[in-house]
Amino acid sequence: MISTLIADDHLLIREGLRKILSEEEDIEIVYEAENGQQVLDYLASQSVQVLILDINMPMMSGLDILKYVHKLSPDTRVLILSMYPEDRFAVRALKAGASGYITKASAGDELISAVRKVIDGARYISPEATEMLVRELSKPTDRLPHETLSEREFQILMLLVKGKNVRSIAEDLGLSVNTVNTYRARIFEKMSLKSTQELVRYAYDHKLLE
């Protein structure tokens with residue numbers, strides 16, 4: 001049996017994934033988590049073969065969780081699930097150590113294939129994502145400003161450009177307002193920007209948003 005952990009903060013998404021996976025006789029869902037801490041608490045005492053992990057989790061992002069998963073359960077294959085198209089985050093997720101990346105829109109068609117491929121030790125990515133990864137790895141050291149950000153900084157950038165204010169971001173991520181303000185200032189400094197308006201414009205120019 002392929003032991004599987006589903007981590008997503010939306011109940012309906014978890015139910016949908018559970019329905020897809022439960023149709024396979026050799027896949028067993030051993031646990032469901034709605035936040036990153038639940039994932040880490042489980043893996044601290046139990047092993048799981050495949051972790052299906054939403055990239056946009058409360059308290060800590062999926063990519064932040066991924067770092068701890070590798071330490072707690074190095075043999076666990078992590079399949080990143082995202083509402084964002086592959087051209088936005090696939091390369092970032094794979095470079096962070098994910099075994100695969102699929103979008104929620106394609107999960108109905110691709111989830112089972114993705115689970116089986118990563119459990120065999122391969123990576124699951126689309127041809128488009130493969131091309132992007134090759135380009136990324138072959139690029140010179142020059143990087144776009146947003147590519148220099150840490151995972152937490154990038155997560156806060158995305159929340160800012162979606163219109164979230166600092167207090168709301170702090171509540172969503174379980175951080176203090178001062179901490180979020182510090183991240184915000186660091187983002188502006190690294191990207192040589194002066195305002196949220198400039199940040200939004202940058203996000204649209206570089207297709208970080210729909």
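Reading the values: rules and limits
Residues numbered from 1 in each chain as written. Predicted model: local features only at pLDDT ≥ 70, side-chain atom pairs only at ≥ 80, totals over all residues. Heavy atoms only, no water. Pairing = 2+ DSSP bridges. Helix = DSSP H or I, 4+ residues; strand = E, 2+ residues; numbered from the N terminus. Axes fitted to C-alpha atoms, helices over the stretch in contact; angles between N-to-C directions. Contact = heavy atoms within 4.5 Å. Core = buried A, V, L, I, M, F, W, Y, C linked by side-chain atoms within 4.5 Å. Buried < 20%, exposed > 50% of the residue type's maximum accessible area, 1.4 Å probe, protein only. Phe/Tyr/Trp six-rings, centres within 6.5 Å; stacked < 30°, edge-to-face > 60°. 1 Å grid on protein atoms, 1.4 Å probe; cavity = no way out; pocket = protein on both sides within 12 Å on 5 of 7 lines; lining within 4 Å. Points joined across faces, edges and corners; volume = space filled by probe spheres on them. Nonpolar A, V, L, I, M, F, W, Y, C, P; charged D, E, K, R; others polar.

Peer 1: Help me understand the sheet that holds strand β5 (residues 100–103) in this model?
Peer 2: Overall, parallel pairing links the five strands, which are arranged β2-β1-β3-β4-β5 in an open sheet. The open sheet has two free edges, formed respectively by β2 (27–33) and β5, since each of these has just one partner strand. Mean inter-strand twist for the sheet, computed between neighbouring axes without regard to direction, equals 25 degrees. Examined bridge by bridge, strand β1 (residues 2–7) and strand β3 (residues 50–54) share four bridges and lie parallel to one another. Residue pairing for β3: Ala 7 is matched across the bridge by Leu 53. Lying on the sheet, helix α1 (residues 11–22) is in contact with β1, β2, β3 and β4 (77–82); it crosses β2 at an angle near 170 degrees. Most of the contacts of helix α3 (residues 62–72) go to β3, to which it runs at about 155 degrees, and overall it touches β3 and β4.

Peer 1: Whenever I open this one, the side chain of Ser 61 confuses me. Can you help?
Peer 2: Mapping Ser 61 onto the fold places it in the loop between β3 and α3. Excluding residues that lie within four positions of it along the chain, Ser 61 makes contacts with Ile 55, Arg 152 and Gln 155.

Peer 1: Can you help me understand the nonpolar core in this one?
Peer 2: Membership of the largest hydrophobic core comes to 48 residues, with the highest contact counts inside it found for Leu 5, Val 39, Ile 80, Leu 157 and Leu 199. Counting residues per element, this core draws most heavily on helix α7 (residues 151–161), at seven residues. In terms of nonpolar packing, the next biggest core, distinct from the first, is built from 17 residues, Leu 79, Leu 81, Leu 111 and Val 115 among them.

Peer 1: It is not clear to me how the packing of aromatic side chains should be interpreted in this structure. Could you clarify?
Peer 2: Each pair of aromatic rings is reported with the distance of its centres and the angle of its planes. Counted under the stated rule, the structure contains one aromatic pair. Residues Tyr 31 and Tyr 42 carry aromatic rings whose centres are separated by 4.6 Å and whose planes lie at 15 degrees to one another, so their mutual orientation is stacked. Taken as a pair, Tyr 31 in strand β2 and Tyr 42 in helix α2 (residues 36–43) lie far apart in primary sequence, eleven residues in all. By relative accessible area, Tyr 31 is classed as partly exposed at 28%.

Peer 1: What should I look at first to understand the environment of Ile 6 in this one?
Peer 2: Relative to the helices and strands, Ile 6 is located in strand β1. Spatially, the C-alpha atom of Ile 6 lies 4.8 Å from that of Glu 32, the residues being 26 residues apart in sequence. Every residue in contact with Ile 6, bar those within four places of it in the chain, is listed here: Arg 14, Leu 17, Arg 18, Leu 21, Ile 29, Tyr 31, Glu 32, Ala 33 and Ile 52.

Peer 1: What exactly am I supposed to notice about the environment of Glu 28 here?
Peer 2: Note on placement: Glu 28 falls in strand β2. Sequence separation between Glu 28 and Leu 5 is 23 residues; the distance between their C-alpha atoms is 8.7 Å. Those residues in contact with Glu 28 that lie beyond four places of it in its chain are Met 1, Ile 2, Ser 3 and Thr 4.

Peer 1: Got a minute to help me understand empty space enclosed by the protein in this structure?
Peer 2: Left-over empty space is what a probe sized like a water molecule reveals as it rolls over the atoms. In the structure shown here, the tally under the stated rule is one cavity of 30 Å³ or more. Estimated volume of the largest cavity: approximately 150 Å³. Around the largest cavity sit 13 residues that line it, and Ile 55, Ser 61, Phe 89, Phe 154 and Gln 155 are the ones nearest its centre. Looking at the lining of the largest cavity, the elements that each hand over two or more residues are α4 (86–95) and α7. At five residues, the largest contribution of residues to the lining of the largest cavity is made by α7. Class assignment for the residues of the lining of the largest cavity results in seven nonpolar, three polar and three charged.

The analysis is restricted to geometry; functional conclusions fall outside its scope.
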